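# Per-entry structural report
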Amino acid sequence: MPKEIINNKENDQLKEIVNIGAGNASTALSTMLGKKIQMNVPEATVGPIEKVQQFLGSKDDTVLAVFLKMYGDANGAMVMIFSPKSALAFAKLLTKKDKADIDEFDEEDLSAMREIGNILLGASITALSKFLDMNILHTIPDAVVDMLGAIMDSVIVEIGQEEEKALSFKVTLSIEEEGVDGDLYFLFDSNSTARILSAARAKLGNNNG
Amino acid sequence: MGKEISVKTAELAVGHNDDILKTGSVGSCVVITLYDPKAKVGGLAHAMLPHNKKGEPSTSPAKYVSEAIDNLVAGIEEIGGDRKHFVAKLVGGATMFQRLTENKHSIGNMNAEVSREHLQKLGIRLDKEDTGGSSGKMVEFHLTNGVVNVTTKL
C-alpha cells in the first residue's frame, strides 16, 4: 500500500483488526438488547474507489443506513446497513412503537437508529483506537432511508475525494432468534490502511506473522 | 430492437435510435446525458467526483466530471453526433447525509456545479436538471427522443 494491493499476510492482519472492532460492536449490541449476536468472518476488498463501490452494493432496494466518518490518525467511514425488516425490529427495541414500514419512520425512529449506530460504531472505533494505540476520532452519525446504491455511492465519494484507492471490510451481525441482521462496513483510505498495518505489526508482532 | 445498457459508477455509454441507457440508484454522483436530436444519438455518463485532486491517471472513463463530459462528447461524435446540436441534462448530486455536510459544500453539490461549468465551457446547452436534495435517483435515458425518466423512492 498504497500503490500495490495488500498481500495475504496483511489481509489477515487487517481482518484480525476488523474482528476486534466488530467484536466490540457485537458485544455492545448484545448487552443493549440482552440477546446473543452472531458475527460472520469479514469479507474484504481493496482497489480503486469505483470498484469498492461495487463491493459495497449497488441494488435499488430501500434500506436504512447509519453512517459516520472517521478522522484523526485514520481517515475512513463506517456504515451499518439494515434491511427494512431489521430496521423496524431495531427501532422498535428503543421506541417501543410498531411501524408497518420504514417509509413511516419519523424523527424519533431515525433518532433511535442514530443512537444504535452511535453505540455500535462508537464501540468499534474505541476498541480499534485502543488496540492500535492510535487516536481515531469520529463524527456524529447520520441515519437515512433510501436506495442502497445511492447511499453507497455517497459513502464512497466521502473517501474518494482525497484518495484514489480504498479498503473495505464487511461484517454481518445477526440475532438469529429474531431473524434480524445488519451489515457493518469499515472503509479506510489507502494511507490510513498503511498506518493501521504498521500499528498492527507493532502490536501483533512476528508471532502472528 | 434497441439495446438497454446499464451504466455503472464512473462509466459511460453511448447509443442511438431506440436504445435505452440507464443507471442504478445515484446519490451524490452526477449523471450527465447529452443528446443530438438531429442524429438521434446520445450518451450518458455516471460521474463520481468533481476534481482529480491527485492528478493521477483515471482508472475509469467517467470518474471525474470534466473528463467524463469530454469522453462522452468524443464518444457521441464517434457514432455520428455533432456537439453543435447537443442538449444536456443533469440528474443527481444529492447530499444524502445532511447532518454531516452543509449542502453548499457537499460533494454532490460540487459535482452538479462542475458539470454546469464544464458544459458551459464547451458551449453545450443545459436544457433541464433535477439535482440536489437528499434523495437517491434512478435514471433512464431514451434515445428515440432524448427523454430522461427519473425515479425516486420516497
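Coordinates for the structure precede this section.
In what follows, the accompanying structure is described. Here, residues in each chain are numbered from 1, in the same order as that chain's written sequence. Chains carry letters and ligands carry numbers; both start at the beginning, A for chains and 1 for ligands, and go up in the order they are written. Under the rules for a predicted model, residues below a pLDDT of 70 receive no local features and side-chain atom pairs below 80 are neither given nor counted, while totals for whole chains, interfaces and linings still include all residues.

### Digging into the interface of chain A and chain B
- Each residue gets a C-beta atom placed from its backbone, and two residues are in contact if those atoms lie within 7 Å. Listed as interface residues are 25 residues of chain A and, on the opposing side, 26 residues of chain B.
- By the criteria applied, helices consist of DSSP H or I runs no shorter than four residues and strands consist of E runs no shorter than two, each listed in order from the N terminus. Taken together, the elements giving at least two residues each to the side of chain A that touches chain B come down to α2 (49-56), β3 (62-72), β6 (142-147) and α5 (148-160) of chain A.
- At 7 residues, the largest contribution of residues to the side of chain A that touches chain B is made by α5 of chain A.
- Its residues placed into classes, the side of chain A that touches chain B shows 8 nonpolar, 9 polar and 8 charged. Each residue is assigned to one class: nonpolar for Ala, Val, Leu, Ile, Met, Phe, Trp, Tyr, Cys and Pro, charged for Asp, Glu, Lys and Arg, and polar for all the others, Gly among them.

### Considerations on the sheet that holds strand β9 (residues 148-151) of chain B
Residue and element names in this part refer to chain B.
- When DSSP finds two or more bridges between a pair of strands, those strands are recorded as paired. The strand order β1-β3-β8-β9 describes an open sheet built from 4 strands, whose pairing is mixed. Of all strands in the sheet, those bounded by a partner on one side alone are β1 (4-6) and β9. The average angle at which neighbouring strand axes cross in this sheet is 15 degrees, direction not considered.
- Both strand β8 (residues 138-142) and β9 contribute to a ladder of 4 bridges, which runs antiparallel. When the bridges of β9 are listed, Phe141 appears paired with Val148. To define axes, lines are fitted to C-alpha atoms, for helices over the stretch in contact only, and angles between the resulting N-to-C directions are given on a 0 to 180 degree scale.

### Focus on the environment of Ser111 of chain A
All names here are of chain A.
- The residue Ser111 is located in helix α4 (residues 107-132) in this model.
- Exposure is read from a count of other C-beta atoms within 10 Å of each residue's own; the residue is exposed at 12 or fewer, buried at 20 or more and partly exposed in between. C-beta atoms are placed from the backbone. Its 15 C-beta neighbours within 10 Å are what place Ser111 among the partly exposed residues.
- Residues Ser111 and Asp142, 31 residues apart in the sequence, show an inter-C-alpha distance of 8.8 Å.

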